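# Summary of the model geometry
So the chains spell out like this:
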Amino acid sequence: MAAEPDDPLATPLQFLKGVGPRRAADLARAGLTTIEDLLYRFPLRYEDRSRLQPIASIQPGRSVLVAGRVLGAEIRTTRRPGFKVFEVIVGDQSGAIRATWLNQPYLRDVFTRGQHVMLFGPAELRGTAGMQLTNPQYEILTEEGDGEGETIHTGRIVPVYEKAGSVTSKMQRKIVHDVLERLPRELKDPLPARLLDQRQWPTRYAALLALHFPPSDVSVEALNEFATAAQQRLIFEEAYAFQLGLLARRRFAALDRKAATIVVDDRIRASARAVLPFKLTAGQRQALKEIVDDLQRPQPMNRLLQGDVGAGKTIVALLAALVAMENGLQVAFMAPTEILAEQHFLNLSRLLATSRFRVALLTGGSATAARRAQLAEIA
């Protein structure tokens, strides 16, 4: 859905706090250049990180969520040159657990003794080292009662995004959260209010908020099936915009006119019969009639011919091409691979062998001299 120039959703991502030129470039390579692009990028999946577990009850082999105080932090060197492990010990009233991050020494500036933190990640039993969390997601919590913020990476249902270059899922989550905090609640809504009331769908802002940071009473199963009211509303919104775009495009195309006029007479019908290797089926005749009717209209044709393998699409396409060629036009018969292009070239050359038309094969793999000759012949 295209945003209007004065729409806050049209704001370029490069101007957002925490993005910067490098992250903006990585996001742009993923097709994300505006706030709207970012907010309409659905999470890949959702994880329930809302269930705190006492450290003493943790069992290996599962992802767990724990909260506690940082009892200690250090960087360990390893036998591999330049490779370091950062470790913290986190404790709650039931016990303590080690958390390790591989080759992330910068975390020594993130964790300090006495901090209240949340960790979410896979629990493993590592020999004499005991139970530990490896590369867990983390969040530094503010002190209880200080009135600041809420957790966005742990302690809730969390969206997981596809990585965009150097921009991790966690970074995107933070950027999206900051954007939603600053956006006006009354966003211009492309869907009619009547439809929202009828479907009992949320407003645009409420839907975007629930998409990225779902309320606690929504099931993870429904979210991962994209079955919530917010998700359904946004999916419908995209389809609605697409249909409006198609309608506008059709109306615009109806005003366009072809440079050449196509006519069909007895001479062209005889030419078509001369190249037919077999009698057309009823389906082929109907498809060909619709195509030729379109060709004779003053507006450009926009049509898709669909059929199973072996249904005879090629002969229908050839006859349509023949109508254009008999009207003094050239035709490009395109194929997605060189092998298929060569097969079409052989078949078309055989079918048109007795006609006055020539067929040339031009592929990306053609030698320079041959390509030059083919281009000259086509010209």
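The preceding data block contains the structure.
Taken as a whole and judged by the stated rule, the model has eight aromatic pairs. Aromatic pair Phe86 and Phe111: ring centres 6.0 Å apart, planes at 35°, arrangement tilted. In this pair, Phe86 sits in strand β3 (residues 84-91) while Phe111 sits in the loop between β4 (96-102) and β5 (116-125), placing the two residues 25 residues apart along the sequence. Residue class for Phe86 comes out buried when judged on its relative accessible area of 1%. A relative accessible area of 3% places Phe111 in the buried class. Judged by centre distance (6.1 Å) and plane angle (90°), the ring pair of Trp101 and Tyr138 falls under edge-to-face. Pair noted here: Trp101 is in strand β4 and Tyr138 is in strand β7 (residues 137-141), with a separation of 37 residues, a long-range link. Residue classification places Trp101 among the buried positions, given a relative accessible area of 1%. Overall, Tyr138 belongs to the buried group, its relative accessible area being 16%. The ring of Phe83 is capped by Arg80, whose NZ or CZ atom sits 4.2 Å from the centre of that ring. In this structure, Lys170 is placed above the aromatic ring of Tyr138, and the distance from its NZ or CZ to the ring centre is 3.2 Å.

Here we come to the pairing of β5. In terms of residue burial, β5 counts as a mostly covered element, since seven of its 10 residues are buried. Where strand β2 (residues 63-77) lies against β5, seven bridges are found, and the strand directions are antiparallel. Opposite Gly68, over in β5, you have Val117 as the bridge partner. Bridge count between β5 and β7: five bridges; the pairing is antiparallel. Counterpart to Val117 in the pairing with β7 is Ile140. Bridge count between β5 and strand β6 (residues 131-134): three bridges; the pairing is antiparallel. Each residue of the ladder has a partner; that of Ala123, found in β6, is Leu133.

What follows is about the pattern of salt bridges. Pairs can form between side chains of opposite charge whenever their charged atoms are close. Overall, the coordinates contain 21 salt bridges when judged by the stated rule. In this structure, Glu162 and Arg41 form a salt bridge, with 3.8 Å as the shortest nitrogen-oxygen distance. Of this pair, Glu162 sits in the loop between β8 (157-160) and α3 (169-182) while Arg41 sits in the loop between α2 (35-39) and β1 (45-48), and the two are 121 residues apart along the sequence. By relative accessible area, which is 15% here, Arg41 ends up buried. Measuring nitrogen to oxygen at the nearest pair gives 3.1 Å for the salt bridge that ties Glu47 to Arg45. Through salt bridges with shared partners, a single ionic network connects Glu36, Asp189, Arg204, Arg233 and Glu237.

What counts and what doesn't
Residues numbered from 1 in each chain as written. Predicted model: local features only at pLDDT ≥ 70, side-chain atom pairs only at ≥ 80, totals over all residues. Heavy atoms only, no water. Phe/Tyr/Trp six-rings, centres within 6.5 Å; stacked < 30°, edge-to-face > 60°. Helix = DSSP H or I, 4+ residues; strand = E, 2+ residues; numbered from the N terminus. Buried < 20%, exposed > 50% of the residue type's maximum accessible area, 1.4 Å probe, protein only. Lys NZ or Arg CZ within 6 Å of the ring centre and 35° of its normal. Pairing = 2+ DSSP bridges. Salt bridge = Lys/Arg side-chain N within 4 Å of Asp/Glu carboxyl O.

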